Amino acid sequence: MAERDRRADGQAHPPRQALGVRVIIVYKLAKSVLQLVMAIALFRLASSGLAARAHAFAVALGRESASAWSAALMDALSTATTPHGAHVVSAALAADALLSFIEGWSLHHGYRWAPWLVVGATASLVPFEIMAIVRHGWRPTRVVILVINLAMAIYLSRRARRGHRGSSAYTE
């Protein structure tokens, strides 16, 4: 377990975490809540039959699209709104929400292995993000996601290495 400090009243509490770690914790926990909400909504949509209507709508819009980006968006939407596609996307969102929650929770509790979990999970996606950029072009959202993930992985790996040399990886 993480080292604990003593408050004036004798109760144990974790040391104050570095600002960067706190930001990552908030990001991971907020991301997990948002993904879980989206997974539940998509699952309910697929189970209620509304996904079939959304699929028909996306296919119709895709046929009427004037630009390449809107046609690609409607193609992706039509794939995701088939009943099977919606369930697969819902399950993937729920699994990623669980992983993000575990990452944020473990960082919050100050476990020594937590930064390495985040680094491993985050860095494992970087090659896929780079491939998506190479295959589909430089889209601002993809580049921002790549930069954020690289920054988190580098920041936490440096803090974790520092923590293994004796100073705490979490405290300011």
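Residues numbered from 1 in each chain as written. Predicted model: local features only at pLDDT ≥ 70, side-chain atom pairs only at ≥ 80, totals over all residues. Heavy atoms only, no water.

## Focus: the overall build of the protein chain
In terms of helices and strands, the protein chain carries seven helices and two strands. Along the chain direction, N to C, the helices and strands of the protein chain fall in the order β-β-α-α-α-α-α-α-α. Expressed as a percentage of its 172 residues, the buried residues of the protein chain come to 30%. Looking at the protein chain alone, contacts between residues at least 24 apart form 63% of all its contacts between residues at least 6 apart. Per element, the accessible surface of the protein chain, about 11,000 Å² overall, is 69% carbon and sulfur. (Helix = DSSP H or I, 4+ residues; strand = E, 2+ residues; numbered from the N terminus. Buried < 20%, exposed > 50% of the residue type's maximum accessible area, 1.4 Å probe, protein only. Contact = heavy atoms within 4.5 Å. Areas by Shrake-Rupley, 256 points an atom, 1.4 Å probe, with all protein chains shown as cover.)

## A look at the packing of aromatic side chains
Summed over all chains, the structure comprises two aromatic pairs. Taking 5.6 Å as the distance between ring centres and 45 degrees as the angle between the ring planes, the aromatic pair formed by tryptophan 105 and tyrosine 111 counts as tilted. On the basis of relative accessibility, which here comes to 36%, the residue tryptophan 105 falls in the partly exposed class. Residue tyrosine 111 is classed as buried on the basis of its relative accessible area, which comes to 18%. Residues tyrosine 111 and tryptophan 113 carry aromatic rings whose centres are separated by 5.3 Å and whose planes lie at 10 degrees to one another, so their mutual orientation is stacked. Within the aromatic cluster, the residues linked to one another by ring pairs are Trp105, Tyr111 and Trp113. (Phe/Tyr/Trp six-rings, centres within 6.5 Å; stacked < 30°, edge-to-face > 60°.)

## Let's talk about the layout of surface pockets
Space inside the largest pocket adds up to approximately 320 Å³. Considering the residues around the largest pocket, the lining is formed by 15 residues, among which Lys31, Asp96, Leu125, Glu129 and Asn149 are closest to the centre. Residue composition of the lining of the largest pocket, grouped by class: six nonpolar, four polar and five charged. (1 Å grid on protein atoms, 1.4 Å probe; cavity = no way out; pocket = protein on both sides within 12 Å on 5 of 7 lines; lining within 4 Å. Points joined across faces, edges and corners; volume = space filled by probe spheres on them. Nonpolar A, V, L, I, M, F, W, Y, C, P; charged D, E, K, R; others polar.)

## Looking at the nonpolar core
Counting residues in hydrophobic clusters, the biggest one holds 11 residues: Ala18, Val21, Ile24, Ile25, Leu107, Tyr111, Ala114, Val118, Val119, Met152 and Leu156. Among the elements of the structure, α1 (19–48), α5 (114–123) and α7 (140–164) are those that each provide at least two residues to this core. If we skip the residues at most four places from it in the chain, methionine 152 touches Ile24, Tyr27, Lys28 and Thr122. (Core = buried A, V, L, I, M, F, W, Y, C linked by side-chain atoms within 4.5 Å.)

## Details of the confidence of the model for the protein chain
Per-residue confidence for the protein chain gives a mean pLDDT of 78, with 71% of residues at or over 70. Ranking the helices and strands of the protein chain by mean pLDDT puts α5 first, with 92, and strand β1 (residues 5–6) last, with 36. With pLDDT under 50 throughout, residues 1–11 is counted as low confidence; its partners more than four residues away or in other chains account for 17 contacts. (pLDDT = per-residue confidence, 0-100.)

## A closer look at the side chain of asparagine 149
As for its position among the elements, asparagine 149 is in helix α7. Those residues in contact with asparagine 149, other than ones at most four positions away along the chain, are Thr122 and Glu129.

## What about the pattern of salt bridges?
A full pass over the atoms with the stated rule returns two salt bridges. Between glutamate 103 and lysine 28 there is a salt bridge whose closest N-O contact spans 3.0 Å. You can see glutamate 103 sitting in helix α4 (residues 83–108) and its partner lysine 28 sitting in helix α1, a full 75 residues away along the chain. Note on accessibility: glutamate 103 and lysine 28 belong to one class, buried. Measuring nitrogen to oxygen at the nearest pair gives 3.4 Å for the salt bridge that ties lysine 31 to aspartate 96. Of this pair, lysine 31 sits in helix α1 while aspartate 96 sits in helix α4; the two residues are 65 residues apart in sequence, bridging distant segments of the chain. Its relative accessible area of 22% is what places lysine 31 among the partly exposed residues. Overall, aspartate 96 belongs to the partly exposed group, its relative accessible area being 26%. (Salt bridge = Lys/Arg side-chain N within 4 Å of Asp/Glu carboxyl O.)

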